[in-house]
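Chain by chain, the residues:
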Amino acid sequence: MSNFNYPNFPVSRLRRLRKTSALRDMFRETHLTRSDFIYPLFVAEGENYKRKISSMPNVFQLSVDNVLRECEELLTFGLGAVLLFGIPDFKDETGSSGYHAEGIVQKAAREIKKNFPEMLVVTDVCLCEYTSHGHCGVVENESVQNDATLELLAKQALTHAQSGADIIAPSDMMDGRVGAIRKILDENNFAETPIMAYAAKYSSAFYGPFREAAESAPQFGDRKSYQMDFRNSDEAIREIALDIQEGADIIMVKPALAYLDVIRRAKDNFSMPIAAYNVSGEYSMIKAAAEKNWIDGEKVMMETLTAIKRAGADVIITYFAKDAIKLI
Ligand code: PBG
């Protein structure tokens, strides 16, 4: 394309196709559609429980019965995919409530699939929501143990699949976890359950509000020894290549907005479905500025989501899904 010689001004006038909204709509390059979105839900124990997340307007922790009410509403908007995070009552050193058959995500997945079989259920696989120390793996001598963690993640993934999860999404960033999960799923008759790997997941300050929502802040240290360094982009390509080799069906870049370059590189380098996670901090910043009337919240939201799609994302995981779908 770049070796084509365009005619110069005044023959060439790019403003011609911008003249009316009909022309602009006809020649737009990027379309957002309902099936682009996955909506995250925080599932808590209890009944008729609904707790506000102070740093995330309109986002709640919900008990399973309220999750079902929410799913019913989402489907009426044409929003047909959710990502489940668990808020267990009980946490321990190894995050055992995360891989229990009666765990909160397992219960929620079963109930959603029973009541709304058409709802696509994606489950987040990680230990941080279930461990007393808040790290994404088993901790020994204040360090997260990679290989010992794999077995627990695999167990968690299997119980999610057994509970009806349609897609398994590991977000822990241990080396080898996609392979370990693929293996256990294949050995247990879940060869057809896809894995959406948080492949290029950066250690990011944009996760701040999520840690309030999921009650998953690390009790000591940070996640820099397993999540990626935001100064790197070649390394993201290596992470993604490894996850594909280990059996990932969809690869994810996270966060989205400060990483649009990584989304584009991922799309150009691998002919794979790409998911982008428009994370909590990206959501809360727009909501906060809109509340102050410093920006037009809806317009900035649509511009942001379109930019993520334009960068190369096929699916967007976003707390804006409900708001955005009403404008499509
Ligand atoms: C769990 C996990 C996190 C997010 C998704 N899965 C938090 C973290 O790694 O600390 C962040 C999502 C968001 O900020 O919206 N490992």
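Each value, and the rule that gives it
- Residues numbered from 1 in each chain as written.
- Predicted model: local features only at pLDDT ≥ 70, side-chain atom pairs only at ≥ 80, totals over all residues.
- Heavy atoms only, no water.
- Helix = DSSP H or I, 4+ residues; strand = E, 2+ residues; numbered from the N terminus.
- Rg over C-alpha atoms; globule rule 2.2 N^0.38 Å.
- Buried < 20%, exposed > 50% of the residue type's maximum accessible area, 1.4 Å probe, protein only.
- Areas by Shrake-Rupley, 256 points an atom, 1.4 Å probe, with all protein chains shown as cover.
- Lys, Arg positive; Asp, Glu negative; His and termini not counted.
- Charge placed at Lys NZ, Arg CZ, Asp CG, Glu CD.
- Phe/Tyr/Trp six-rings, centres within 6.5 Å; stacked < 30°, edge-to-face > 60°.
- Lys NZ or Arg CZ within 6 Å of the ring centre and 35° of its normal.
- Axes fitted to C-alpha atoms, helices over the stretch in contact; angles between N-to-C directions.
- Parallel < 35°, antiparallel > 145°, perpendicular 65-115°, else oblique.
- Left-handed = near helix turned anticlockwise from the far one by under 90°.
- Contact = heavy atoms within 4.5 Å.
- Nonpolar A, V, L, I, M, F, W, Y, C, P; charged D, E, K, R; others polar.
- Near = heavy atom within 4 Å.
- Polar contact = N/O pair within 3.5 Å; in protein donor to acceptor, adjacent residues only side chain to side chain.
- Core = buried A, V, L, I, M, F, W, Y, C linked by side-chain atoms within 4.5 Å.
- Salt bridge = Lys/Arg side-chain N within 4 Å of Asp/Glu carboxyl O.
- Pairing = 2+ DSSP bridges.
- Right-handed = clockwise from strand over helix to strand, strands pointing away.

Engineer: Tell me what's going on with the overall build of the protein chain, and back it up with residues and numbers.
Structural biologist: Each helix and strand counted, the protein chain has 11 helices and 12 strands in total. Whereas a compact globule of 328 residues would reach a radius of gyration of roughly 20 Å, the protein chain reaches 20 Å, a difference of no more than 12%. Dimensions along the principal axes, computed over C-alpha positions, put the protein chain at roughly 70 × 40 × 40 Å. Per-residue burial for the protein chain yields a buried fraction of 53% across its 328 residues. Taken as a whole, the protein chain presents about 15,700 Å² of accessible surface, with 51% of it coming from carbon and sulfur. Of note, the protein chain has its 38 positive side-chain charges centred 10 Å away from the centre of its 46 negative side-chain charges.

Engineer: Which residues make up the packing of aromatic side chains, and what values go with them?
Structural biologist: Going through the model one piece at a time under the given rule, you end up with 10 aromatic pairs. Pairing Tyr277 with Tyr319 gives two aromatic rings, centres 6.2 Å apart and planes at 45°, and the pair type is tilted. Within this pair, whereas Tyr277 is found in strand E11 (residues 274-278), its partner Tyr319 is found in the loop between strand E12 (315-318) and helix H11 (321-325), the two being separated by 42 residues in sequence. With relative accessibility at 2%, the residue Tyr319 sits in the buried group. Among the aromatic residues, those joined into a ring-pair cluster are Phe42, Phe85, Tyr198, Phe210, Tyr277, Tyr283, Tyr319 and Phe320. Of note, Lys201 hangs over the ring of Tyr207, and the distance from its end group to the ring centre comes to 5.6 Å.

Engineer: Hey, could you go over the packing of helix H7 (residues 234-245) against helix H8 (residues 260-269) for me, with residue numbers and the actual values?
Structural biologist: In contact at an axis separation of 10 Å, H7 and H8 are set at 45° when each is read in the N-to-C sense. In terms of axis orientation, H7 runs oblique to H8. The handedness of the crossing between H7 and H8 comes out as right-handed. Touching Asp234, Ala236, Ile237 and Ile240 of H7 are Val262, Arg265, Ala266 and Asn269, all from H8. Tallied by class, the residues present in the contact of H7 with H8 amount to 5 nonpolar, 1 polar and 2 charged.

Engineer: Describe the site of the ligand, and please don't skip the residues or the numbers.
Structural biologist: Within the structure, the ligand sits among 18 residues, and Lys201, Arg211, Lys254, Ser280 and Tyr319 are positioned closest to it. Contact between the ligand and Lys254: a nitrogen atom at 3.3 Å from a side-chain N or O atom of the residue. Compared with its free state, where it exposes 400 Å², the ligand has 100% of that area covered by protein. Here the residues of the shell around the ligand sort into 9 nonpolar, 3 polar and 6 charged.

Engineer: An account of the nonpolar core is needed here, citing residue identities and associated values.
Structural biologist: Formed by 107 residues in total, the largest nonpolar core has its most connected members in Leu84, Met196 and Tyr277. Top element by residues in this core is strand E1 (residues 37-44). It accounts for 7 residues. Beyond its immediate stretch of four places on either side in the chain, Met196 contacts Ile38, Val122, Ile167, Ile168, Ala169, Pro170, Ile250, Met252, Ala275 and Ile317.

Engineer: Tell me about the pattern of salt bridges, residues and numbers included.
Structural biologist: Summed over the entire model, instances satisfying the criterion amount to 19 salt bridges. For the salt bridge of Glu70 with Lys322, the shortest nitrogen-to-oxygen distance reads 2.8 Å. In this pair, Glu70 sits in helix H2 (residues 64-77) while Lys322 sits in helix H11, placing the two residues 252 residues apart along the sequence. Classification of Glu70 as buried rests on a relative accessible area of 13%. Note on Lys322: relative accessible area 16%, which makes it buried. Asp166 serves as the salt-bridge partner of Lys113, at 2.8 Å between the closest nitrogen and oxygen. Here Lys113, found in helix H3 (residues 104-115), pairs with Asp166, found in the loop between helix H4 (146-162) and strand E8 (167-170); they are 53 residues apart in sequence, far enough to count as distant.

Engineer: If you had to explain the pairing of E12 to someone new, which residues and values would you point to?
Structural biologist: Residues of E12 alternate between two faces, with Val315 and Ile317 on one and Ile316 and Thr318 on the opposite face, all of them buried. As paired strands, E1 and E12 are joined by 2 bridges and run parallel to one another. Along E12, the bridge assignment pairs Ile38 with Ile317. One ladder, built from 4 bridges, connects E11 with E12; its direction is parallel.

Engineer: If you had to explain the pairing of strand E4 (residues 81-87) to someone new, which residues and values would you point to?
Structural biologist: Extensive coverage of E4 is indicated by the burial of 7 of its 7 residues. The two faces of E4 match: Ala81, Leu83, Phe85 and Ile87 on one face and Val82, Leu84 and Gly86 on the other face are all buried. When E1 meets E4, the two strands line up parallel, connected through 6 bridges. When the bridges of E4 are listed, Val43 appears paired with Gly86. Inspection of the sheet shows E4 paired to strand E5 (residues 120-125) by 4 bridges, in the parallel sense. Among the inter-strand pairings, Val82 is bridged to a residue of E5, identified as Val121. On the question of chirality, the crossover connecting E4 to the parallel E5 by way of H3 is right-handed.

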